[in-house]
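Tertiary structure, described
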Amino acid sequence: MKTIVSYFRYFKKELVFGPLFKLAEAIFELLVPLVMARIIDVGIAQKDLAYILRQGGVIVGFALVGIACSLTCQYFAARCSQGMGTELRRAVYHQINLFSAQQVSQFSSSSLITRLTNDVNQVQQAVAMLIRLAIRAPFLVLGSLTMAMVIDRTMALIFLAAIVVIALVLSVLMTCSSHFFRAVQRQLDRISQITQENLEGQRVIRAFSRQRLETHRFDEAAQASYQASMRVGWISGLFNPATQIVINLGIVALLYCGSFQVNGGALSQGNLVALVNYMTQMFLALVVLANLFVIFTKAAASAGRIEAVLKTEPAIIGGITELSKDKDAVLEMDKVSFGYSEGESAIEQISFTIQPRQTVGLIGGTGCGKSTIVQLLPRLIDPTAGEIRLGGVPLREFSLADLRRQIRIVPQKAVLFSGTIRENLRWGNQDADDAALWQALTLAQARDFVEAMPQRLDTLLVQGGKNCSGGQRQRLCIARALVGRPSLLVLDDSTSALDYQTDARLRQSLKKIEGSPAVLIVSQRIASIRHADFILVMDQGRLVGQGTHEELLDTCAVYQEIVRSQTREDQR
Amino acid sequence: MSQSALLRRLLRYVKPYSLLLAMALVFALLQVAMTLSAPVIIGQAVDAIVAAGQVDFIRVTQTLTALAAVVILAALFQLLMTCCTNVCCYRTIRDLRMQCFAQFHALPLATLDKTQQGDFMNTLVNDIDVISDGLLQGFTQLFTGVITIVGTLGFMLSIHPGITLAVVLITPLSFGVASFIASRSSRLFKQQARIKGELSGFAEERVNGQSLVAAYNQQAVSEAAFDEINQRLNQVGTQVQFISSLTNPCTRFVNNLAYAAVGIIGALTALGGGMSVGQLTSFLSYASQYTKPFNEISGVVTELQASLSSCERVFHLLDQPQESDQADQGSGKQGRGELRLEHVSFRYQANEPLIEDFNLTVKPGQKIAIVGPTGCGKTTLINLLMRFYEIGGGVIRLDGVDTRTLSRHELRAHFGMVLQDSWIFRGTIRENIAYGRPDASLADVEKAARQAHLDYFIHQLPQGYDTLLDETVSLSQGQKQLLCIARVLLCDPQILILDEATSSIDTRTELLVQSAFDQMMQGRTSFIVAHRLSTIEQADRILVMNHGQILEQGSHHELLKQGSFYSQLYNSQFAGE
């Protein structure tokens, strides 16, 4: 039930009645030339005034019923397409929330956002067109053909020939143009890319006085884009004239053959006029059909991208065991490995144990696997080998909500969300009262600056919390984690923007909490971790040292090297 | 600028191609004339085919030959018109783009720093595209539409004035409906755009922060908030879609009414012998196409208005005052690299003094480190040295020469600069290293890479120095930085500026970069800005800045002995507990 088509089930009524009403309108539209033929053949030929007025009235009546049908159809189309879009957005967003961090990065979050917005819009547009035109246009083509057959079998052959030729012309032109359109898009991307590069490197470019070179590079791209546009211009410029010629030459053929039919008495003058009308109508419908084809091709690509999201099974599923409130659970990493792709491992065979209330440091260069370990703990990703246990129970047996309430991470990037400070802090615990929030702020060394804000907890943060300084954001993020009173707090390089004194005060206050949590401090700074109960040293995905600062200084070469680069001369 | 002023100014850009534009208009006129005469000829043909035994074959053949000719000519003229418009339009767009880009490099950085980067990108890519679609293509569509209407009226009048009047009387109905729909939908469109923005803003925030949402069990809360926006979008979206989809059925309805009126009145007239069946046929086909141009014109007008606001943004960019000198040729770099700042003052905002009466003398070959808290003026000082910004007062002398008397190119040739964000462009490694000296030999490039400890890494790549640096090749932050160092080394400048150049590199790579820096700084006047004090302990002189002023200066040990601001900064970073 995860295909896009299955979402039509909510809109059965719209799907049936929309096209039905559109069909009715088309039928009335098809009948009009026939009525006009009767006016010419009967009314004018027999000089019957009353007949002409009566049939004229019928045409007006058809127009009225036609618009009523068409408006009804548009209404259903709007409801169904927008409703589908809404359901799809809801489903896609829900699905995204079930993904593991790894799945999100496999799709890339920008691509997920595009799928959630643009791709759904494309599908929405196509659904509207499906209801409005997908029945009507082919019906008008076939209807015109049928009516032509009813009037005169031989003349209908000209219709068939016209359809074949136009279809041929359209398909050739469309294949060519889609190819050239991609070239245009590529050139436009190149222009954006050069512009982006120049924006980023404006100081470097000026420092090297390379403005002329860059302008030249851009001019080349602009020229290439011009040439690509011209090629597409030729092809798409051919569309109208080519189809016009086919249809008008069809009319010439119609009149020419018609003259013999009429002369032989097989066809009336009025019916000949009707045939010409049907030809024009069929032509218009064919053009609509061609446009539909383009819209549906685009939408099919979007639909595929949306389905890829919906069909991806969430990699991480919670268990049912409830976590006991006992906070003395021991965390064990047992030979844990993880790789983002086959055959490549970010961490390998990592084992360590964190006792309740312990402070543990984790240090290593960029890309050594620190952040992978952080993500493994609240099961944002799962190990490819090995097991993580909390109180002896494998993590996957706990319910996710429970587990994540106990193990709180403060991410490297201090991300806050638009909303008040209170709303942001309550992420830690939806039911926390203001007293609990202030307590967490105090522990996180954030009380002073929040108190100094005129609206205190009600202060509105803009997207990303950009109206706070980096250090303030980090402290708010720590407070947010503390609000939930976790049993393990993981600080992923989350004090990097704090000055030394604040950092130290923070670490001390964490120890003072009643029933204090175990703390895992991930850092690049020796000063942040040197007083931990023990320190884990990582290098290229492996644990290369484990022990206190003093022990590691004696035994671990990687640790020594890091210390050397960060310690002032008189301490070496 | 008023709309007509904007249009006039845009037309100035079309001027070089005005011949093409004129040709396009002539072809448009011819095409419309041909297209419109077709129904008349069809009518004549129908009149020659009356009934069994009453067919004038000679006339049929004549009229049909004429019809075929007219039809082919119409298609040909249409093709020619499109080509003329395309050439004219795409060339104008290309010129406009090139000018905008050239303008970007001619603007002072003071202007650029104040503009959002996204805005500039948007103007250069999207706005110009909108102008292309809306204004230039729209222009010919508008013209074709108007002459089609005028032509249709003319042909109808020539056949039968009375029936024409009936058609003309029905027209205002079509306009009324269209403008009613347009006014209703534009308000709703704006509302929809706002909610759409809200939704994508929310999605951006929450999808980028997905792991955080998960880690804090906020999925249900987030989904509820998302759904609230989603539902509002559904409501407005349905209304917008319904209302905007009314235009076609409504004008079709008006069309059908016109068709019925022509049919009835025409038949009555034919009854009285006032017109032939063929003429009625021509009339019917005019009546059924009559309102189509009206639809197109109202569409074009909305698009035109949208593109005028794009035009305004483009012209706004082009109207910004350019940097005074843009000479980018200059003499080579001689001299020793001595810098003197005398009574320099500078402020970003007229009423907020930043640097006042700043004095500094740097001897050739000295290493100067600049430290201080965020916003103390470190980066500003560099902006002034490189003349990215102009000083407000005082004078900066390079080897005794007032830098304002040099062209920017001459001045900057003395400097080599490595910034925190290493800039790599899409090109080969060799092109990236040789950016400052495109004519450098491969041997020189390799030498620079060797000095920057990059040689080993480059040799590991399958294509070595010819490896294309694009999305598929991922360099680490440290490798990028080394590449930028090699780029500067190749130019062999007298003065170096290293602005936070190692702050985004992890400690182990930093050792490598640091050694490359040390090598580079030998014998060169250097300015080093850094947060990490370990990188600047070796400087000849440390300037401690705060609030745009030098608080203290001296060597590392001198300053530590003084025990003031510098020692506080230093201890906050490294002291144990």
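Here the residue numbering is sequential within each chain, running from 1 through the sequence in written order. All chains are assigned letters beginning with A, and all ligands numbers beginning with 1, in the order in which they are written. Residues qualify for local features only when their pLDDT is at least 70, as the model is predicted, and side-chain atom pairs are given and counted only at 80 or more; totals for whole chains, interfaces and linings, by contrast, use all residues.

1. Examining the overall build of chain B
The criterion, for reference: A helix here means a DSSP run of H or I that spans at least four residues, while a strand means a run of E at least two residues long, and both kinds are numbered starting from the N terminus. Atoms counted for the radius of gyration: C-alpha only. Globule rule: 2.2 Å times the number of residues to the power 0.38. Comment: burial labels come from other C-beta atoms within 10 Å of the residue's own C-beta, placed from the backbone, where a count of 20 or more is buried, 12 or fewer is exposed, and between is partly exposed. Residue pairs qualify as contacts under a 7 Å threshold applied to their C-beta atoms, which are placed from the backbone.
Per the secondary structure count, chain B includes 20 helices and 12 strands. At 36 Å, chain B has a C-alpha radius of gyration far larger than the 25 Å of a compact globule built from 577 residues. Along the first, second and third principal axes, the C-alpha atoms of chain B reach 120 × 60 × 55 Å. By the burial criterion, 43% of the 577 residues in chain B qualify as buried. Restricting the contact set of chain B to residue pairs at least 6 apart, pairs at least 24 apart contribute 77%.

2. With respect to the sheet that holds strand 6 (residues 415–418) of chain B
Residue and element names in this part refer to chain B. Selection rule: Two strands qualify as a pair provided that DSSP identifies no fewer than 2 bridges between them. For helices, the fitted axis covers only the stretch in contact; all axes are lines through C-alpha atoms, and the angles between them, taken along N-to-C directions, range from 0 to 180 degrees.
Reading across from one edge, 6-9-10-3-11-12 is the order of the 6 strands in this open sheet, with mixed pairing throughout. Here the strands that pair on one side only, and so sit at the sheet edges, are strand 6 and strand 12 (549–554). Each adjacent strand pair in this sheet contributes to an overall mean axis angle of 20°, direction not counted. Bridge count for strand 9 (residues 495–499) against strand 10 (residues 525–529) is 5 bridges, and the pairing is parallel. Note that in strand 10 the partner of L496 across the bridge is S526.

3. Notes on the interface of chain A and chain B
Heads up, the condition is: The classification used treats Ala, Val, Leu, Ile, Met, Phe, Trp, Tyr, Cys and Pro as nonpolar, Asp, Glu, Lys and Arg as charged, and all other residues, Gly among them, as polar.
With 123 residues of chain A at the contact, the number on the chain B side is 113 residues. Among the residues making up the side of chain A that touches chain B, the classes are represented as 58 nonpolar, 47 polar and 18 charged.

4. Side note on the packing of helix 2 (residues 49–98) of chain A against helix 9 (residues 269–311) of chain A
Residue and element names in this part refer to chain A. Put simply, the test is: An angle counts as roughly parallel when it lies under 35 degrees, as roughly antiparallel when it exceeds 145, as roughly perpendicular when it falls between 65 and 115, and as oblique in every other case. When the near helix sits turned anticlockwise from the far one by under a right angle, the crossing is termed left-handed; a clockwise turn instead gives a right-handed crossing.
Orientation of helix 2 relative to helix 9, taken along the N-to-C sense of each, is 45°, at an axis distance of 9 Å. Classified by the angle their axes make, helix 2 and helix 9 are oblique. Handedness of the helix 2/helix 9 crossing: left-handed. The segment helix 2 lies against helix 9, with L88, A91, V92 and Q95 engaging I306, V309 and L310.

5. Concerning the sheet that holds strand 2 (residues 347–354) of chain A
Spatially, 2-1-4-5 (chain A) is the arrangement adopted by the 4 strands of the open sheet, whose pairing is antiparallel. Both edges of this open sheet fall to strand 2 and strand 5 (393–394) of chain A, since each of them pairs with a single strand only.

6. What about the packing of helix 6 (residues 161–208) of chain B against helix 9 (residues 247–271) of chain B?
Residue and element names in this part refer to chain B. Where helix 6 meets helix 9, the axes come as close as 10 Å, and the angle between the chain directions of the two elements is 170°. One finds that helix 6 runs roughly antiparallel with respect to helix 9. Two secondary-structure elements touch here, helix 6 through I163, A166, V167, I170, L173, S174, V177, A178 and I181 and helix 9 through T247, C250, T251, V254, L257, A258, A261, V262, I265, G266 and T269. A per-class count over the contact of helix 6 with helix 9 returns 15 nonpolar, 5 polar and no charged.

7. Quick word on the domain arrangement of chain A
Residues and elements named next belong to chain A. In plain terms, the rule: Note that domain bounds follow an automatic or database assignment of domains.
Domain assignment breaks chain A into domain 1 (1–150 + 290–315), domain 2 (153–266) and domain 3 (331–565). With centres defined by C-alpha atoms, the gap from domain 1 to domain 2 works out at 26 Å. With 6 residues of domain 1 at the contact, the number on the domain 2 side is 7 residues. It is helix 5 (residues 136–151) that provides the largest number of residues to the side of domain 1 that touches domain 2, a total of 5 residues. Residues that form the side of domain 1 that touches domain 2 fall into these classes: 5 nonpolar, 1 polar and no charged.

8. Focus on the confidence of the model for chain B
Residues and elements named next belong to chain B. Heads up, the condition is: The pLDDT value expresses, per residue, how confident the predictor is, ranging between 0 and 100.
Averaged over all residues, the pLDDT of chain B is 81; the fraction at 70 or higher stands at 91%. For residues 326–330, every residue scores under 50 in pLDDT, and the model assigns this stretch 12 contacts once sequence neighbours within four places are set aside. Under the prediction, the complex receives an ipTM of 0.80, its pTM being 0.71.

9. Focus on the pairing of strand 11 (residues 541–546) of chain B
Residue and element names in this part refer to chain B. Sheet analysis places strand 3 (residues 367–371) next to strand 11, joined by 4 bridges and oriented parallel. Residue pairing in the sheet places A369 in a bridge with I542 of strand 11. Bridge analysis of strand 11 against strand 12 gives 5 bridges, and the strand direction is antiparallel. The residue bridging M545 from the neighbouring strand is I550, located in strand 12. Linking strand 11 to strand 12, which pair antiparallel, is a turn of 2 residues; within it H547 sits at a positive phi near 50°.

10. What about the environment of B:G392?
Residue and element names in this part refer to chain B. By secondary structure assignment, the location of G392 is in the loop between helix 12 (378–385) and strand 4 (393–398). Counting along the chain gives 310 residues from G392 to T82, while the straight-line C-alpha distance between them is 55 Å. Excluding residues that lie within four positions of it along the chain, G392 makes contacts with S345, F346 and R347.

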